[in-house]
Amino acid sequence: MLSVEDLNDRLIDLAFAEDIGDGDHTTLCCIPPTEMGESKLLIKEAGIFAGAQIARQVFHRFDPTMQVQLHIQDGAAVKPGDIVMSVTGKVQSLLQTERLMLNILQRMSGIATMTHRYQQAIYDAGCHTRVLDTRKTTPGMRMLEKEAVRIGGGMNHRIGLFDMILLKDNHIDFCGGVHNAISRAKEYLRQQGKDLKIECEVRNWKELDEALAEGCDRIMFDNFTPQDTRRAVQIVDHRCETESSGGITFDNMIPYAQAGVDYISFGALTHSVKGLDMSFKAAGSDKLKI
């Protein structure tokens with residue numbers, strides 16, 4: 001299996017290939033290859049910054065001679081006018097890496113900002129429920145988007161289909177019920193010599209009873225009301241982890257957290273996020289001043 005670094009390198013290479021193609025002819029016709037310069041990453045909107053390490057990777061992947069100085073760390077709250085980093089090198093390189101770096105950092109910072117908002121609201125309500133992401137990520141950017149969730153104070157659900165067994169309605173119905181699905185999962189792990197956690201989705205009280213009787217690491221309450229979630233949490237009584245999912249938004253999440261569930265998963269953290277506004281401008285530019 002490819003490492004996170006390898007996956008990110010492939011993403012960067014593909015992104016440069018689709019953006020630059022056989023050359024940034026605008027830059028090449030205007031800027032001499034020997035021209036040196038400095039650009040600064042300017043924050044234009046309040047939020048949580050995320051993406052410092054991948055930014056370095058972008059710059060160095062394109063031109064190893066580029067020098068990156070970070071002024072603000074991942075996870076820090078930022079405001080309009082903050083300078084996050086300074087980058088020095090060939091002006092041609094600065095111009096050709098600008099858009100890819102911004103696309104990634106704006107999205108990661110947007111995800112971190114949204115995650116922080118959700119998690120902080122739950123803490124402010126006096127609850128200990130943790131915010132989870134899902135697999136509803138941008139193809140090719142999953143590792144970066146899940147890293148942004150962590151930077152924003154949330155937690156990752158499974159990374160992909162390979163690092164956890166999650167028995168959902170289709171699996172359960174095909175197997176003929178929760179009992180059979182969990183039994184097959186345990187037998188499969190035994191035969192394959194794998195040590196993976198098993199999570200089972202339940203849609204009603206019968207399925208909840210079956211999941212508890214068979215035993216698993218986490219039970220997901222699918223489309224339960226807050227009232228039913230509270231009852232379900234009491235029935236589980238710490239015998240396994242609990243998660244709420246389905247139709248839960250920022251506006252209605254607090255009653256679920258107050259019901260005592262361990263986790264709430266939100267696809268919106270990665271599929272409906274707005275990028276954080278920022279720009280990459282030459283040092284000394286008037287546009288660096290807000």
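Relevant structure appears above.
Residues numbered from 1 in each chain as written. Predicted model: local features only at pLDDT ≥ 70, side-chain atom pairs only at ≥ 80, totals over all residues. Heavy atoms only, no water.

1. What to know about the sheet that holds strand β11 (residues 263-265)
Point 1. Reading across the sheet, the six strands line up as β6-β11-β10-β9-β8-β7 and stay open at both edges, with parallel pairing between neighbours. Two strands close off the open sheet at either side, each with one partner strand: β6 (130-132) and β7 (165-167). Each adjacent strand pair in this sheet contributes to an overall mean axis angle of 25°, direction not counted.
Point 2. Across five bridges, strand β9 (residues 218-222) lies against strand β10 (residues 241-245) in parallel orientation. When the sheet's bridge partners are listed, Phe221 is paired in β10 with Ser244.
Point 3. Contacting β9 and β10, helix α9 (residues 226-236) runs over the sheet at an angle of about 160° to β9. (Pairing = 2+ DSSP bridges. Helix = DSSP H or I, 4+ residues; strand = E, 2+ residues; numbered from the N terminus. Axes fitted to C-alpha atoms, helices over the stretch in contact; angles between N-to-C directions. Contact = heavy atoms within 4.5 Å.)

2. Describing the pairing of strand β5 (residues 83-90)
Point 1. Where strand β1 (residues 36-43) and β5 come together, seven bridges link them in antiparallel fashion. Paired with Glu38 across the strands is Thr88, a residue of β5.
Point 2. Where strand β3 (residues 67-70) and β5 come together, four bridges link them in antiparallel fashion. Along β5, the bridge assignment pairs Gln67 with Thr88.

3. Some points on the layout of surface pockets
Point 1. If you add up the space inside the largest pocket, you get close to 400 Å³.
Point 2. Looking at the largest pocket, it is lined by 23 residues, and the ones nearest its centre are Thr134, Lys136, Lys168, Ser245 and Ser265.
Point 3. Where the lining of the largest pocket is concerned, the elements lending two or more residues are β10 and α11 (268-271).
Point 4. Taken together, the residues that form the lining of the largest pocket break down as six nonpolar, 10 polar and seven charged.
Point 5. Computed from the structure, the second largest pocket encloses a volume of approximately 250 Å³. (1 Å grid on protein atoms, 1.4 Å probe; cavity = no way out; pocket = protein on both sides within 12 Å on 5 of 7 lines; lining within 4 Å. Points joined across faces, edges and corners; volume = space filled by probe spheres on them. Nonpolar A, V, L, I, M, F, W, Y, C, P; charged D, E, K, R; others polar.)

4. Some thoughts on the packing of aromatic side chains
Point 1. Inspection of every chain in the model, using the stated rule, returns six aromatic pairs.
Point 2. Ring centres 5.1 Å apart and planes at 45° place the aromatic pair Phe16 and Phe62 in the tilted group. Here Phe16 is found in helix α1 (residues 4-20), whereas its partner Phe62 is found in helix α3 (residues 52-62), with 46 residues between them in sequence.
Point 3. You can call Phe16 buried: its relative accessible area is 9%.
Point 4. Linked through ring pairs, Tyr118, Phe250 and Phe266 together constitute an aromatic cluster. (Phe/Tyr/Trp six-rings, centres within 6.5 Å; stacked < 30°, edge-to-face > 60°. Buried < 20%, exposed > 50% of the residue type's maximum accessible area, 1.4 Å probe, protein only.)

5. A look at the sheet that holds strand β12 (residues 278-282)
Point 1. What the four strands build is an open sheet, ordered β3-β5-β1-β12; its pairing is antiparallel. The sheet is open, and its two edges are formed by β3 and β12, each paired on a single side. This sheet shows a mean twist of 20° between the axes of neighbouring strands, independent of strand direction.
Point 2. In the packing of α3 onto the sheet, contacts are made with β3, β5 and β12, and the angle to β3 comes to roughly 165°.

6. Concerning the pattern of salt bridges
Point 1. Inspection of every chain in the model, using the stated rule, returns 15 salt bridges.
Point 2. We note a salt bridge from Arg61 to Asp9, for which the minimum N-O separation is 3.5 Å. In this pair, Arg61 is assigned in helix α3 and Asp9 in helix α1, connecting sequence segments 52 residues apart.
Point 3. The class for Asp9 is buried, based on a relative accessible area of 18%.
Point 4. Lys79 is the salt-bridge partner of Asp82, the closest N and O atoms lying 3.0 Å from each other.
Point 5. For Asp82, a relative accessible area of 15% corresponds to the buried category.
Point 6. Connected through shared salt-bridge partners, Glu199, Arg218, Glu241 and Glu243 make up one network. (Salt bridge = Lys/Arg side-chain N within 4 Å of Asp/Glu carboxyl O.)

7. Brief notes about the side chain of Ser86
Point 1. Along the chain, the position of Ser86 falls in strand β5.
Point 2. Looking at Ser86, its side chain comes within polar contact range of the side chain of Lys40, at 3.0 Å.
Point 3. For Ser86, the side chain forms a polar contact with the side chain of His71, separated by 2.7 Å.
Point 4. Those residues within four positions of Ser86 in sequence are excluded, and the remaining contacts are Glu38, Ser39, Lys40, Gln67, Val68, Gln69 and His71. (Polar contact = N/O pair within 3.5 Å; in protein donor to acceptor, adjacent residues only side chain to side chain.)

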